[in-house]
Amino acid sequence: MSIDIQIYPSLLTLVPMLFAPLFLLFRTKLVQKLLASLIIILDLLIIYRLTLIMPLDEYTGGWILRGIHLRFDNLSLIYTLLFVTVIGTSWLSSFKKNYPPLFYFLTSILLSTLNTSAITLDLFNIYVMLELSSIIAYILIAMKDNWKHLWASLKYLMISYFAFTMYLTAVGLIYMHTGTLDISRITGEIPPIIVSMLIVPLLLKSGVFPVSMWLPAAHSLAPTEVSAILSGSFVKMGSIVIFRLINTPILKQAYTPITLIALLSALTGVILAYNESNVKRILAFHTISQMGYVLAGGPVYGALHAFNHGIFKSLLFFTVGDQVEETGHYDIKALKHAKFPMHRYIFLVIGVLGISGVPLFSGFISKSMIIHHIPIYGKVVLILASVGTVASMSKLVSIGYRKSSIKLIPHYIIMATIIILVGIRYIEHVISLWTIIESLIVIIVGITIFLVIHPKHIPRILEKLDIMVIEYMLTLITVWAILYM
Amino acid sequence: MKNIRLISVLLFGIFISMLLVSAETISYVQPDNVTGAVKDTGAINVIAAYYLGYRLFDTLFEILVFTVAVQGVVYLLGHIPTLEQHKPMREKAIIIYTDLIFGASLITGMYIAVAGHISAGGGFVGGIVGATGAVLVFLTMPMEDIENEFNHKYMAIWEAVILITIFILALIPILKGMSPMENFLPLGTPGHIISGGIIPIVDTLIGIKVLIGAVTIAQTFIKHRGVF
Amino acid sequence: MEVTLGFMGIIFAIGVVLSHNPMRAVIFMGAFSITMATYYYAMGAPDVAMAEATLGAVFTTFIYVVAMKHRGSIKVAYIRKEPFFFKTNNGFAGSEYHLLKRFADKNAMHLEITRIAEIPSHKDLQTDRSFQFDIICGGLKDSLSLPGYTPLPYHLRGFAIYVKTDSEDIYESLEDFLVGDVNEEY
Amino acid sequence: MIYIAIAVVIFAIGGIGIIWKDNILLKLLSLGIMNAGVVALFVSIAGLKYRIPAILNTSGPYADPLPQAVIITSIVIGFATMSLALVFTMLISLKKGTLSSKKLQEDIDREH
């Protein structure tokens, strides 16, 4: 093959897709390692080549206006980089464990669906991506043969299939109204009821508070690498589609309800996390909270925060998940007797510093950007949420460490390096006396709260299937009502 | 719990009635989607032209959805022990008729798959029609015979190979300087069985792939659950 | 024509939603799929109709029927005692048998019935691995002590069905069933 | 417009079934109905003006082929989701001996 093959955005998807069945054919570990690294390297190469000529439009099959419209731009760049990094590191981590070939097959298809969601501009194509990635998630969550996992997965299946069917109805009605499925060609006003049917399933997919109570059970029960993939990359899919829709007639006036839901989610997520004692569920609730930040941030700052969150959340899930699998304890009290080994604790702390928004770490950059570009009511809520983040993360750090021999674990190091590099490289954009004082105050208040207020056990009533449906319906009607006014 | 369900049914009802009321405000635009499709793809079934031409990208994912489901079902059902009490119907007449029907359904399915670009049907439907016949045969066969004749391992290999072939067909145009998923074969005369470039080829491959996948699902279900 | 088909579809859909028995619901579902396939054909979509007829009506129904066959099984051991639990030429009979059968049908479960000669001794229950029954019955008094099993008295005073204490869910649902406090809505 | 209404009503019946039923199998069947409702919606949109299928050996004007072409994908996705959901249901009922979603949820709560 010559080097000057012309490059297309769709290659990002076709490459992992092409290699995925090979995982089922060649079941030896060595071949699987080779294939995994080949996919990651090729995808990174394609992303690099695409950045040289972006923004780049493609209609599949070369049929202008009739093929599916794909576009590679800044937004796609951030998201595809995130997806490739998270899935690559998860593979790196999974080779030490005993995963069936099916895991690699599913995750490489997941990578291709995630990549597609980052480049596609076609409403129906987005539906296919939503469904395929969810089907993969159901199987990944249910891989352990335990009825709790199966029930978490089935619950998620029912609520999300219900939601995506609604999304598809909205797509049909939009097609009827405008005669096109291409986001960039939609013109004219869309009735608010259709907009709400289109948006709420995407919110469910992005894991924000009232509609996504499937998330804690699913993300905490899954094995370590699957949790990292789900929290690090999978939930970002909804947010990128929402960002794609922002400048179109569909979402022009609809951003207010999304911001409100995002703020609610940012705050509720940390409250629930603070009162939780299962370590993996703490992290899952943080995903709910941080996705609130992402959606409140909008396409520029939100996308950056999505990247940062993907990186530090997967680092946290790697460290905590490895610890949980090693000791068998989920409860924070039990873990205080089985402390982290030194080499794991350091990376846990780096992840915590990232998520808490401490200067010199990546969370600081995107969090201060979001806080400074949001209206004043949002500012207050987000600062409160940051305080809560620090408080509940202090719970994790307070588990403590024991001395152990030094081990170099590559996937921890990759993630930690990215956190610190991003944190240092972009610090000049946000640094000022005010942001530093602000973050210091947040940290001090957060730690004080951790020392003073004792967490209470909150019953998991919000995670029942019936309640989940009612949460969904309420959100749907609220969004519609706000849009209608 | 009952109250909560009642409330959500009410909310759902309100929402649907709102939808029905506001359906009046939705206008209808019919885009001109038909002319030019035959010239572009060479398939006189314009639905196939969309399905395997303009929107081949979606269809690739659709095949993947099916494959993922098959793999998931096989993996998850592997957790429960196989059932000992598969009792096939061993009457001669039934065996002969099911075999005949199997043959007929395979041929019908193949035709539906191959001729997807000139008449209604297509790979998916063809594959499932073929698999329905195979399911009938399963009712009359002992489990060992089923496992010998429809060997899991070989079927898995074929499935993966066909999947890769379809993806390679989507990627070949790049080497010729065209964009991926473009129809790189000559289009032929519209209406003939050999026309439409890669469309009949992809249709056939999808047909075989779906046949294998559906047979695998049926076989796994019967193996672990028994029939009727 | 099309409108009639559409309304038939609506009626079958209501039939699925209103039926309490899963098997009947699946049959309604098959009828619904076939009707919808005809409806799509009448609306000028033969490709969609064929996909719906083959995938929706035939294959999905097949999978449902196979999957519904018997989900889960209860291992029952019985001591032959005439009015309570005994074997006739065409199957089992007796008051306790019918009680259990109705319970199993309601929960879509399958009874695996084994006959035992006499009330198992303590030693058997504690040491013998083959005593892995969920339920022991056959006109037993509720004053017996079988380690690992809890008596569940039912409406005939003084008689009980012994349920394994570990299998909590069978215990609870059977208790609900026997007490008559079953107001689950399907 | 009556065709759109029929589709939305079927969709609504499925949705109510999902919410109201307690048995998981019946919930899944209702999901299937909901999916069929959406398919009917797309087919109705395609045939809103003309109902001759777009196979060009008859004469036009034809129904809109695009909604018909895309909705086949949705049928397949529905089938795939349904078979997976059935497998989950079977495994759960093997382990827990119940299909009531209420009971399963209570069991989960009791373990904490």
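Residues numbered from 1 in each chain as written. Chains lettered and ligands numbered in written order. Predicted model: local features only at pLDDT ≥ 70, side-chain atom pairs only at ≥ 80, totals over all residues. Heavy atoms only, no water.

Enquirer: Any chance you could explain the overall build of chain D here in plain terms?
Expert: The helix and strand tally for chain D stands at four helices and zero strands. What you see in chain D, going N to C, is helices and strands ordered as α-α-α-α. A compact globule built from 112 residues should have a C-alpha radius of gyration of about 13 Å, whereas chain D, at 19 Å, is more than 25% larger. Taken along the three principal axes of its C-alpha coordinates, chain D extends 65 × 25 × 20 Å. Put simply, chain D has 112 residues, and 77% of those count as buried. Intrachain contacts of chain D at a sequence separation of at least 6 include 51% that bridge at least 24 residues. Within the structure as shown, chain D displays about 2500 Å² of accessible surface, and the carbon and sulfur contribution to it stands at 61%. Each charge sign in chain D was given a centre, from 9 positive and 6 negative side chains, and these centres are 8 Å apart. (Helix = DSSP H or I, 4+ residues; strand = E, 2+ residues; numbered from the N terminus. Rg over C-alpha atoms; globule rule 2.2 N^0.38 Å. Buried < 20%, exposed > 50% of the residue type's maximum accessible area, 1.4 Å probe, protein only. Contact = heavy atoms within 4.5 Å. Areas by Shrake-Rupley, 256 points an atom, 1.4 Å probe, with all protein chains shown as cover. Lys, Arg positive; Asp, Glu negative; His and termini not counted. Charge placed at Lys NZ, Arg CZ, Asp CG, Glu CD.)

Enquirer: What is the right way to read the interface of chain B and chain C from this model?
Expert: One frequently used descriptor of interface size is the decrease in accessible area upon assembly of the parts. Counting residues at the interface gives 23 residues for chain B and 17 residues for chain C. Interface area, chain B with chain C, both sides summed: about 1900 Å², of which 74% is carbon and sulfur. There are zero salt bridges connecting chain B and chain C. The tally of links between chain B and chain C comes to two residue pairs in polar contact (both at pLDDT 80 or more). Every element with two or more residues in the side of chain B that touches chain C is listed here: α1 (2-22), α6 (123-138) and α9 (199-225) of chain B. Of the residues that constitute the side of chain B that touches chain C, the class distribution is 16 nonpolar, four polar and three charged. (Buried area = accessible area lost by both parts, 1.4 Å probe. Salt bridge = Lys/Arg side-chain N within 4 Å of Asp/Glu carboxyl O. Polar contact = N/O pair within 3.5 Å; in protein donor to acceptor, adjacent residues only side chain to side chain. Nonpolar A, V, L, I, M, F, W, Y, C, P; charged D, E, K, R; others polar.)

Enquirer: Honestly, the packing of helix α4 (residues 56-77) of chain B against helix α8 (residues 152-175) of chain B in this entry has me stumped. Any pointers?
Expert: In a packed pair of helices, the relevant descriptors are the angle between the two axes and the axis-to-axis distance. Residues and elements named next belong to chain B. For the pair α4 and α8, the least separation of the axes is 12 Å and the interaxial angle reads 160°. On the basis of the axis angle, α4 is roughly antiparallel to α8. The two elements α4 and α8 meet at a crossing, and its hand is left-handed. Packed against α4, whose contacting residues are Leu60, Ile63, Leu64, Thr67, Val70, Gln71 and Val74, the element α8 presents His152, Glu159, Leu163, Ile166, Phe167 and Ala170 at the interface. (Axes fitted to C-alpha atoms, helices over the stretch in contact; angles between N-to-C directions. Parallel < 35°, antiparallel > 145°, perpendicular 65-115°, else oblique. Left-handed = near helix turned anticlockwise from the far one by under 90°.)

Enquirer: Just checking my understanding: could you explain the arrangement of the chains for this structure?
Expert: Contacts are most numerous, across the five pairs of chains in contact, for chains A and B. Between chain A and chain C there is no contact, and the shortest C-alpha to C-alpha separation is 13 Å.

Enquirer: Could you clarify how one ought to interpret the interface of chain A and chain B in this entry?
Expert: In this assembly, 67 residues from chain A lie in contact with 57 residues from chain B. Put simply, chain A and chain B have seven residue pairs in polar contact (both at pLDDT 80 or more) between them. Secondary structure elements with two or more residues in the side of chain A that touches chain B: α1 (11-25), α4 (101-119), α5 (123-141), α6 (147-178), α7 (192-206) and α19 (465-484) of chain A. Grouping the amino acids of the side of chain A that touches chain B by side-chain chemistry returns 46 nonpolar, 15 polar and six charged.

Enquirer: Looking at this model, I keep getting lost on the packing of aromatic side chains. Mind explaining?
Expert: Both the distance between ring centres and the angle between the ring planes are used here to describe each pair of aromatic rings. Scanning the model with the defined rule gives 34 aromatic pairs over all chains in all. Seen from their ring centres, tyrosine 78 of chain C and phenylalanine 92 of chain C are 5.7 Å apart, and the 85° between their planes marks the pair as edge-to-face. Of the two residues, tyrosine 78 of chain C sits in strand β1 (residues 73-78) while phenylalanine 92 of chain C sits in strand β3 (residues 91-93), which places them 14 residues apart along the sequence. Residue classification places tyrosine 78 of chain C among the buried residues on the basis of a relative accessible area of 3%. Stacked on the ring of phenylalanine 95 of chain A, the Lys or Arg lysine 33 of chain A has its end atom at 5.8 Å from the ring centre. (Phe/Tyr/Trp six-rings, centres within 6.5 Å; stacked < 30°, edge-to-face > 60°. Lys NZ or Arg CZ within 6 Å of the ring centre and 35° of its normal.)

Shape is all these values report; function is a separate question.
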